[in-house]
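Structural overview for review
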Amino acid sequence: MTTFAVFGINNDALNTAVNVLILVLIVVWAALVFWTFADARRRIDDPMLVGCATLAALFPFVGTIVYAIVRPPEYLDDVRLRELEMQAAEARLVQLDYQLCPHCEYEVKSDWLRCPSCMRKLKDSCHNCGKPVDPAWRLCPYCEAETGVAPPSSSRARRRRRGATVEETAVEPREPRSADI
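Residues numbered from 1 in each chain as written. Predicted model: local features only at pLDDT ≥ 70, side-chain atom pairs only at ≥ 80, totals over all residues. Heavy atoms only, no water.

1. Points about the packing of helix α1 (residues 12–43) against helix α2 (residues 47–57)
In the contact formed by α1 and α2, the axes pass within 9 Å of each other and the chain directions differ by 165°. Classified by the angle between their axes, α1 and α2 sit roughly antiparallel to one another. You can see that α1 and α2 cross each other, and the crossing is right-handed. Here W29, V33, T36, F37, A40 and R41 of α1 lie close against α2, whose contacting residues are V50, A53, T54 and A57. In terms of residue class, the contact of α1 with α2 is made up of seven nonpolar, two polar and one charged. (Axes fitted to C-alpha atoms, helices over the stretch in contact; angles between N-to-C directions. Helix = DSSP H or I, 4+ residues; strand = E, 2+ residues; numbered from the N terminus. Parallel < 35°, antiparallel > 145°, perpendicular 65-115°, else oblique. Left-handed = near helix turned anticlockwise from the far one by under 90°. Contact = heavy atoms within 4.5 Å. Nonpolar A, V, L, I, M, F, W, Y, C, P; charged D, E, K, R; others polar.)

Written as C-alpha cells, this is what we have:
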C-alpha cells in the first residue's frame, strides 16, 4: 500500500505526523473563520461589513489577525444597553426637577426666576401670585390669572435704565403675604 508523501517525506511515522499537523492547521483555520463571522455579527450592525470581515478571514490566519486589530471594541448589545441606561438616567433627572441654565449650563430649579450664576432671567413671575411662569404660557397654572394682561399698576413699578434689556434688569424682592408665611 502506498501512502501520499507530503513534502517528499518517505518515512511513514513522520509523514503521518505532518498530515496530522496539516489537518490541525486546517481545523484551526476553519474555527478562526467561524469565530470571525460570529464575533463580527455581535459587534457590527452592517451585514456587508460582517461579510467583508468573514471574507478577510478566509486568508489563512492573517485575515483573522487583521480583523482582531480593527474590530469595534464593544458588542452591539452593550452599546444598546448603555444608550438605554443613559435615556433612563435622563428621564430620572427630569423627574428630579434637575435643569440647566440655557445660557451658562449651571444647575437650576424649575421655580427659580433667575440663574444664580449668570444672573440671566429664566422665567417671569406671575403678576397676581408671584410664582414663576414660563413666558410661553397664556395663564398662570397656580392662580389662573392671564399672563398676557398688563400687570396691575403699582406704586413700586420697576425702573429700567435707558437701553437696558429685560435680562439685565433686576428683580425687586416682594413682600411676604399671609399666604406665604
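2. Side note on the packing of aromatic side chains
Tallying each qualifying case throughout the model produces one aromatic pair. Aromatic side chains W35 and Y67 sit 6.1 Å apart centroid to centroid with 75° between the ring planes, which places their arrangement in the edge-to-face category. Highlighted residues: W35 in helix α1 and Y67 in helix α3 (residues 62–70), separated in sequence by 32 residues. Note that R43 overlies the ring of Y75, its terminal NZ or CZ placed 4.3 Å from the centroid. (Phe/Tyr/Trp six-rings, centres within 6.5 Å; stacked < 30°, edge-to-face > 60°. Lys NZ or Arg CZ within 6 Å of the ring centre and 35° of its normal.)

3. Description of α2
Taken together, the buried positions of α2 are V50, A53, T54 and A57. Taken around the axis of α2, the buried residues stretch over an arc of 100°, which confines them to a single face. Along α2, exposed side chains directed more than 90 degrees from the buried face belong to M48 and L55. (Buried < 20%, exposed > 50% of the residue type's maximum accessible area, 1.4 Å probe, protein only. Arc of directions from axis to C-beta.)

4. Considerations on the environment of E144
Looking at the element boundaries, E144 is found in the segment after β4 (132–133). When the C-alpha positions of E144 and C126 are compared, they lie 9.7 Å apart, and in sequence the two are 18 residues distant.

5. Some remarks on the packing of α2 against α3
At their nearest, the axes of α2 and α3 sit 6 Å apart, and the two run at 140° to each other. Taken together, the axis directions place α2 and α3 in an arrangement best described as oblique. Contacts between α2 and α3 involve A53, A56 and A57 from the first element and G63, T64 and Y67 from the second.

6. Focus: unusual backbone geometry
In this structure, E105 takes a positive phi of about 60° despite not being glycine. In this structure, E105 sits in the loop between β1 (99–100) and β2 (107–108). Of the residues examined, E105 reaches a relative accessible area of 59% and is grouped as exposed. Here E144, not a glycine, exhibits a phi torsion of approximately 65°, which is positive.

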